[in-house]
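A look at the structure
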Amino acid sequence: MAPYTLTYFPVKGRCGALKMILADNEQQLKENLVSIEEWMKGDVKGSCLFGQLPKFEDGDLVLYQSNAMLRHVGRKHGAYGKNDCEASLIDMMNDAVEDLRLKYIKLIYQEYDTGKEAYCKDLPKHLKPFESILSKNKSGFLVGDQISFADYNLFDLLLNHKVLCSSSLDSFPALKSYVDKIAARPKIKALLECENFKKLPINGNGKQ
């Protein structure tokens, strides 16, 4: 039996980073896919604590909220820093990734047709702090000298932005090499090339 179970829609959405951290740590994941039709019936929605997916199960532990899932897996598999200070910095970086993800989600679901050009033009301002951190940290990770759950989260979001604005990383050498480095990790590479992962749309409305 798989140690972890994920219930979610058939999209990458908010679970791309979670799948990456699990794959990189050779953890198996059982997936329960929920179609939009099934979701609209209301039974699954009614069973969810906050009325939303994803839902993540680790034995008897049931988690909602994708960032809580990342933190849980990071804590269990050594991807949450080497001490309390590193853990706090990783939390800070993950919160910054979440800020950018919320901007991205707003664009995709509310403003895609009218706001894409302005979003791409504004994007360098939001990427600059990450470039700055990675330029200073010679390990090639956001915090310390090993990968953390925040790195998987940022990597996933940067891949989305490369699809949205193909030139988004052109003026950010540290971010560009960061994406290449994480994409080259053997288990991440295998996941990104796996048909089941590749065929999933990035977002639920077909915009990307």
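Residues numbered from 1 in each chain as written. Predicted model: local features only at pLDDT ≥ 70, side-chain atom pairs only at ≥ 80, totals over all residues. Heavy atoms only, no water.

Next up on the list: the side chain of Arg71. For Arg71, the position within the fold is in helix α4 (residues 66–76). The class for Arg71 is buried, based on a relative accessible area of 18%. Polar contacts involving the side chain of Arg71 include one to the side chain of Asp95, which spans 3.3 Å. Look past the residues within four positions of Arg71 in its chain and what remains in contact with it is Tyr80, Asp91, Asn94, Asp95 and Phe149. (Helix = DSSP H or I, 4+ residues; strand = E, 2+ residues; numbered from the N terminus. Buried < 20%, exposed > 50% of the residue type's maximum accessible area, 1.4 Å probe, protein only. Polar contact = N/O pair within 3.5 Å; in protein donor to acceptor, adjacent residues only side chain to side chain. Contact = heavy atoms within 4.5 Å.)

Taken as a whole and assessed by the stated rule, the structure comprises four aromatic pairs. With a centroid separation of 5.3 Å and 25 degrees between ring planes, the pair formed by Tyr4 and Phe56 is classed as stacked. Taken as a pair, Tyr4 in strand β1 (residues 4–8) and Phe56 in strand β3 (residues 55–58) lie far apart in primary sequence, 52 residues in all. Assessed through its relative accessible area of 1%, Tyr4 is described here as buried. Summarising the aromatic geometry, the rings of Tyr80 and Phe149 are spaced 4.8 Å apart at their centres and angled 75 degrees between planes, so their arrangement reads as edge-to-face. Linking Tyr80 in the loop between α4 and α5 (84–136) with Phe149 in helix α6 (residues 149–164), this pair joins segments that are 69 residues apart in sequence. Phe149 carries the same exposure label as Tyr80, and that label is buried. Through successive ring pairs, a cluster of aromatic residues spans Tyr8, Phe9 and Trp39. Looking at Lys12, its charged tip hangs above the ring of Phe197, at a distance of 5.1 Å from the centre. For Lys181, the ring lying beneath its charged end belongs to Phe141, and the centroid distance is 4.3 Å. (Phe/Tyr/Trp six-rings, centres within 6.5 Å; stacked < 30°, edge-to-face > 60°. Lys NZ or Arg CZ within 6 Å of the ring centre and 35° of its normal.)

Another point: helix α1 (residues 16–24). Structurally, the α-helix is built with 3.6 residues per turn, so residues lying three or four positions apart point the same way. The element α1 is largely enclosed, with a buried count of nine among its nine residues. If you check which residues of α1 are buried, you get Gly16, Ala17, Leu18, Lys19, Met20, Ile21, Leu22, Ala23 and Asp24. Looking one or two places after α1, you find Glu26, whose phi comes out positive at around 55 degrees.

It is worth spelling out α5 at this point. Compared with an ideal rise of 1.5 Å per residue, which puts 53 residues at 78 Å, α5 spans 21 Å between its outermost C-alpha atoms and falls more than 12% short. Its maximal kink placed at Glu111, α5 deviates by approximately 130 degrees. Between a side-chain oxygen at the N-terminus of α5 and the backbone nitrogen of Cys85 the separation is 3.1 Å; the capping residue is Asn83. (Expected span 1.5 Å × (residues − 1). Bend = angle between axes of the 7 residues up to and from the residue.)

In this section: the sheet that holds β3. Strands sit in the order β2-β1-β3-β4 across an open sheet of four strands; the sheet is mixed. Looking along the sheet, the strands with just one partner apiece sit at the ends: β2 (29–33) and β4 (61–64). Across the sheet, the axes of successive neighbouring strands diverge by a mean angle of 20 degrees, strand direction being ignored. As defined by bridge partners, β1 adjoins β2 across five bridges and the pair is classed as parallel. Note on β2: the bridge partner recorded for Tyr8 is Leu33. Here α4 sits on the sheet and contacts β1, β3 and β4; the angle it forms with β4, its principal contact strand, is near 135 degrees. (Pairing = 2+ DSSP bridges. Axes fitted to C-alpha atoms, helices over the stretch in contact; angles between N-to-C directions.)

When you line up the elements, Cys48 lands in the loop between α3 (43–47) and β3. Between the alpha carbons of Cys48 and Asn137 there is a distance of 40 Å; along the sequence they are 89 residues apart. With sequence-adjacent residues up to four places away left out, Cys48 is seen in contact with Trp39, Leu53 and Tyr64.

Moving on to the domain arrangement of the protein. How large an interface is tends to be reported as the accessible area lost when its parts come together. Taken domain by domain, the protein comprises domain 1 (4–79 + 192–199) and domain 2 (84–185). Measuring from the centre of the C-alpha atoms in domain 1 to the corresponding centre in domain 2 gives 21 Å. Taken residue by residue, the interface counts 15 residues in domain 1 and 18 residues in domain 2. Roughly 1,400 Å² of surface becomes buried between domain 1 and domain 2 when both sides are summed, with 52% attributable to carbon and sulfur atoms. Summed over the shared surface of domain 1 and domain 2, the number is four salt bridges. The salt bridge partner of Asp91 is Arg71, with a shortest N-O separation of 3.0 Å. Elements that contribute at least two residues to the side of domain 1 that touches domain 2 include exactly α1 and α4. Top contributing element to the side of domain 1 that touches domain 2 by residue count: α1, with five residues. Across the side of domain 1 that touches domain 2, the residue classes break down as six nonpolar, six polar and three charged. (Domains from an automatic or database assignment. Buried area = accessible area lost by both parts, 1.4 Å probe. Salt bridge = Lys/Arg side-chain N within 4 Å of Asp/Glu carboxyl O. Nonpolar A, V, L, I, M, F, W, Y, C, P; charged D, E, K, R; others polar.)

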